[in-house]
Amino acid sequence: KNEVEQSPQNLTAQEGEFITINCSYSVGISALHWLQQHPGGGIVSLFMLSSGKKKHGRLIATINIQEKHSSLHITASHPRDSAVYICAVRSVGTGTASKLTFGTGTRLQVTL
Amino acid sequence: DGGITQSPKYLFRKEGQNVTLSCEQNLNHDAMYWYRQDPGQGLRLIYYSQIVNDFQKGDIAEGYSVSREKKESFPLTVTSAQKNPTAFYLCASSMPGTASGYGYTFGSGTRLTVV
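This is a predicted model, so every value here is computed, not measured. (Residues numbered from 1 in each chain as written. Chains lettered and ligands numbered in written order. Predicted model: local features only at pLDDT ≥ 70, side-chain atom pairs only at ≥ 80, totals over all residues. Heavy atoms only, no water.)

Draft legend 1. Representation of the interface of chain B and chain A in the model. Between chain B and chain A, the contact holds 23 residues from the first and 20 residues from the second. Taking both sides of the interface into account, the surface hidden between chain B and chain A amounts to around 1600 Å²; carbon and sulfur atoms contribute 61%. Linking chain B with chain A are zero salt bridges. Breaking the side of chain B that touches chain A down by element, the ones donating at least two residues are strand S4 (31–37), strand S5 (44–51), strand S9 (87–94) and strand S10 (104–106) of chain B. (Contact = heavy atoms within 4.5 Å. Buried area = accessible area lost by both parts, 1.4 Å probe. Salt bridge = Lys/Arg side-chain N within 4 Å of Asp/Glu carboxyl O. Helix = DSSP H or I, 4+ residues; strand = E, 2+ residues; numbered from the N terminus.)

Given below as structure tokens:
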């Protein structure tokens, strides 16, 4: 079993729909990252969370430390949101280096 | 603008040849990382460096080597000992201990194909 599990693996939505991507992890963490990878391969950091909730534009990320679970929500989805969304965690006790453990990603396709 | 530059974007090499992937950052970050991405798998850590002239093996270091002679640069060499080198390689950097905490920046990646 992977330390970081994402669901769903693939998601197709129509423009305007509310989207939720889930991430569960099995280790103690000091931070959780949500990342976006576009078809060209480059990765953009969307959020880094250690507790609670963060919002940026149409994106909302939440984390429940007790349940070891995080969600990424996209409101009013748009075709430009089509990408792979990756959850990654920084385990407790990794020292000063911020080594991350990654989920396998959720491929989102938003259609008109 | 500050960021990470990886070059080249695409690289083709013959089997048995060593190849070096470049990673440069102008973010003044102390830590740098190399990850490998294969289809259907999460990114896996190859090597990381917390400070100049120091680096540590990650989870899949066999067949790879790195150097960190300058803070800005962390090149990765894929040697002929790497059994399955065709993959997408991502470089990243972070600045531990900042107010924003362990923020991460990624490069745009290099896709290596060995034929």
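Draft legend 2. Spotlight on the state of the cysteines. In this structure the tally under the stated criterion is two disulfides over all chains. Residue Cys23 of chain A pairs covalently with Cys87 of chain A via a disulfide, S to S 2.0 Å. Because the sign of the S-S torsion sets the handedness, a value of about -65° for the bond joining Cys23 of chain A and Cys87 of chain A places this disulfide among the left-handed ones. With a gap of 64 residues between them, Cys23 of chain A in strand S3 (residues 19–25) and Cys87 of chain A in strand S9 (residues 83–91) connect regions that are remote in the sequence. A relative accessible area of 0% means that Cys87 of chain A is categorised as buried. With a sulfur-sulfur separation of 1.9 Å, Cys23 of chain B is cross-linked through a disulfide to Cys91 of chain B. The sign of the S-S torsion, about -70°, decides the handedness of the disulfide formed by Cys23 of chain B and Cys91 of chain B: left-handed. (Disulfide = S-S within 2.5 Å. Buried < 20%, exposed > 50% of the residue type's maximum accessible area, 1.4 Å probe, protein only.)

Draft legend 3. Inspection of the side chain of Gln37 of chain B at higher detail. Structurally, Gln37 of chain B can be placed in strand S4. Exposure remark for Gln37 of chain B: the relative accessible area of 16% places this residue in the buried category. At 2.9 Å, the side chain of Gln37 of chain B and the side chain of Gln37 of chain A are in polar contact. Contact partners of Gln37 of chain B, with chain neighbours within four places excluded, come to Gln37 and Ile86 of chain A together with Leu43, Ala87, Phe88 and Leu90 of chain B. (Polar contact = N/O pair within 3.5 Å; in protein donor to acceptor, adjacent residues only side chain to side chain.)

Draft legend 4. Structural view of the layout of surface pockets. In this structure, the largest pocket occupies an estimated 580 Å³ of space. Those elements that provide at least two residues to the lining of the largest pocket are S9 and strand S11 (106–111) of chain A together with S9 of chain B. The biggest single contributor to the lining of the largest pocket is S11 of chain A, with four residues. Residues that form the lining of the largest pocket fall into these classes: nine nonpolar, 15 polar and three charged. Its volume calculated, the second largest pocket comes out at about 370 Å³. For the lining of the second largest pocket, the secondary-structure elements that each account for two or more residues are strand S10 (101–102) of chain A together with S5 of chain B. Among the elements that take part in the lining of the second largest pocket, S5 of chain B stands out by supplying three residues, more than any other. (1 Å grid on protein atoms, 1.4 Å probe; cavity = no way out; pocket = protein on both sides within 12 Å on 5 of 7 lines; lining within 4 Å. Points joined across faces, edges and corners; volume = space filled by probe spheres on them. Nonpolar A, V, L, I, M, F, W, Y, C, P; charged D, E, K, R; others polar.)

Draft legend 5. How the structure looks around the nonpolar core. With 24 residues, the main nonpolar core has Leu32, Trp34, Leu72 and Tyr85 of chain A as its most contacted residues. Secondary structure elements with two or more residues in this core: S3, strand S4 (29–37), strand S5 (43–49), strand S7 (59–64), strand S8 (69–74), S9 and S11 of chain A. Apart from the residues lying within four places of it in its own chain, the contact partners of Leu72 of chain A are Ile19, Thr20, Ile21, Trp34, Leu46, Phe47, Ile60, Ala61 and Tyr85 of chain A. Counting residues in hydrophobic clusters, the runner-up holds 20 residues, among them Met32, Trp34, Ile46 and Tyr47 of chain B. (Core = buried A, V, L, I, M, F, W, Y, C linked by side-chain atoms within 4.5 Å.)

Draft legend 6. Spotlight on the pattern of salt bridges. This model, assessed by the stated rule, comprises four salt bridges over all chains. Among the ionic pairs, Asp81 of chain A bridges to Arg58 of chain A, the shortest N-O distance being 2.8 Å. Linking Asp81 of chain A in the loop between S8 and S9 with Arg58 of chain A in the loop between strand S6 (52–56) and S7, this pair joins segments that are 23 residues apart in sequence. The partner of Arg44 of chain B in a salt bridge is Asp38 of chain B, and the shortest N-O contact between them spans 2.8 Å. The class of Arg44 of chain B is partly exposed, set by a relative accessible area of 29%. Each of Arg36, Asp38 and Arg44 of chain B takes part in one network of salt bridges that share partners.

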